[in-house]
Amino acid sequence: MATDRRPLAACRRIVIKIGSALLVDRKSGLKKAWLDAMCEDIAALKAKGVEVLVVSSGAIAMGRTVLDLASGALKLEESQAAAAVGQIALARAWSESLSRHEIIAGQILLTLGDTEERRRYLNARATISQLMKLKAVPVINENDTVATTEIRYGDNDRLAARVATMVGADLLVLLSDIDGLYTAPPHLDPNAEFLDYVAAITPEIEAMAGGAASELSRGGMRTKIDAGKIATSAGCAMIIASGKVDHPLQAIIDGVRHSWFAPSAEPVTARKTWIAGQLLPAGRLTVDEGAERALHSGKSLLPAGVRKVDGEFSRGDTVAILSLAGREIARGLAGYDAQEARQIAGKKSAEISAILGYSGRAAMIHRDDMVMSVARNAKAGEKEKADA
Ligand code: GLU
């Protein structure tokens, strides 16, 4: 067993994400017995000194049951209305069930901007920290009543990972109807093998995630792996486990099988954690092989290595850095606006002032404003280690 794997009770702060299908039955609504058992597990962990945060899905599923909406895909305004009805019931259920253990619940509803914009991110983090200081359990969901198709997380896997990195959790537990990651989607491939331990999210691991999602929940394995990239790159371990049993946390403690994703060993600053977890980079810079090598050895991105600039971004916005093959290799805060970046792409740093009419920064993205993406090929990973 790998050494970074540790028992739940040995963690300091855990974020638990609960999928809709675990909490809500399409016909009968809330699965109260399951929720009560879950809250017993949470109370047991808290009694051992572990801080627990819950990211609970189920607002839309619950609302559509209460409103008796027909099955099948909902229109945006229907899901917004369903969330409005469902969230109030969901929050009450959590509050009541936790109060049986004298635990206070605090509801937090986040919109995409609350994690993407640095100022709002710090504000949301302060509220959550205050709740935890007061020993309450934050019960978090996306604010689906105002989320639109363009402006939403859409799945609570990535939202939970954002929350986990925001609060510096050491473990993220994704509970859903699948017990972990397989080499291929197990319902499609009888030879699919279960992966007990994932050391790093490589392109091979990413390829194993199918696209499947059920009617009740939006996330499939794809969004779980995306969540894993956000969490592990910020030093937070991740577990994917089945929640289809009563007392799912106790089941993990008792050794039920699950996939463990090891956290990246490199310490990351809070600012870099925020950069790495941005869901919607404002632009893309495609770089040549020389620049790619330079980035892997810890250098800044110079204008000379940039081949192509896509998107409209301002200085300070997050942009993705892509290899010539189109693979994301890093993210960082742009040192120039998109328009300026286009003018100086491919040019030597010494030429910048003649082109722009002022002497700008030497780097397109400074190394302090840049985070390498976790998903890199094994060779580049080895190279990076050798250079470190
Ligand atoms: N936020 C959605 C809800 O509460 C769930 C999103 C998901 O399934 O991941 O209904």
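Data block above holds the structure.
First, a word on scope: everything that follows refers to the structure included in this document. (Residues numbered from 1 in each chain as written. Predicted model: local features only at pLDDT ≥ 70, side-chain atom pairs only at ≥ 80, totals over all residues. Heavy atoms only, no water.)

1. Comments concerning the nonpolar core
Counting 45 residues, the largest nonpolar core has Val-15, Leu-172 and Leu-181 as its most contacted members. Here this core gets six residues from one element, more than from any other, and that element is helix 7 (residues 156–166). Those residues in contact with Val-15 that lie beyond four places of it in its chain are Leu-53, Val-55, Ala-160, Val-163, Ala-164, Val-167, Ala-169, Leu-171, Leu-172 and Val-173. (Core = buried A, V, L, I, M, F, W, Y, C linked by side-chain atoms within 4.5 Å. Buried < 20%, exposed > 50% of the residue type's maximum accessible area, 1.4 Å probe, protein only. Helix = DSSP H or I, 4+ residues; strand = E, 2+ residues; numbered from the N terminus. Contact = heavy atoms within 4.5 Å.)

2. A look at the site of the ligand
What surrounds the ligand is a group of 12 residues, the closest being Ala-59, Ile-60, Asn-141, Asp-144 and Asn-156. For the ligand, a nitrogen atom lies 2.7 Å from a polar atom in the side chain of Asp-144. Within the backbone of Asn-156, a nitrogen or oxygen atom sits 2.7 Å from an oxygen atom of the ligand. (Near = heavy atom within 4 Å. Polar contact = N/O pair within 3.5 Å; in protein donor to acceptor, adjacent residues only side chain to side chain.)

3. Things to note about the pattern of salt bridges
Tallied over the full model, the rule gives 19 salt bridges. Asp-114 is the salt-bridge partner of Arg-120, the closest N and O atoms lying 3.2 Å from each other. For Arg-120, a relative accessible area of 26% corresponds to the partly exposed category. Arg-257 is paired through a salt bridge with Asp-179; the nearest N and O atoms lie 3.2 Å apart. Of the two residues, Arg-257 sits in the loop between helix 10 (248–253) and strand 12 (259–261) while Asp-179 sits in the loop between strand 7 (171–176) and strand 8 (181–182), which places them 78 residues apart along the sequence. Its relative accessible area of 43% is what places Arg-257 among the partly exposed residues. Each of Glu-206, Arg-222, Asp-226, Lys-229 and Arg-327 takes part in a single network of salt bridges with overlapping partners. (Salt bridge = Lys/Arg side-chain N within 4 Å of Asp/Glu carboxyl O.)

4. Regarding helix 9 (residues 221–233)
For helix 9, spanning 13 residues, the distance from its first C-alpha to its last is 18 Å, which sits close to the expected 18 Å at 1.5 Å a residue. For helix 9, a buried count of 10 out of 13 residues is recorded, marking the element as mostly surrounded by other parts of the structure. In the stretch just after helix 9, Gly-235 is the one whose phi turns positive, near 85°. (Expected span 1.5 Å × (residues − 1).)

5. A short note on the packing of helix 6 (residues 118–133) against helix 7
The relative placement of two packed helices comes down to the angle between their axes together with the axis-to-axis distance. In contact at an axis separation of 10 Å, helix 6 and helix 7 are set at 75° when each is read in the N-to-C sense. Here helix 6 lies roughly perpendicular to helix 7, going by the angle between them. Along the contact surface, helix 6 presents Tyr-121, Ala-124, Arg-125 and Ile-128, while helix 7 presents Arg-162, Thr-165 and Met-166. Taken together, the residues that form the contact of helix 6 with helix 7 break down as four nonpolar, one polar and two charged. (Axes fitted to C-alpha atoms, helices over the stretch in contact; angles between N-to-C directions. Parallel < 35°, antiparallel > 145°, perpendicular 65-115°, else oblique. Nonpolar A, V, L, I, M, F, W, Y, C, P; charged D, E, K, R; others polar.)

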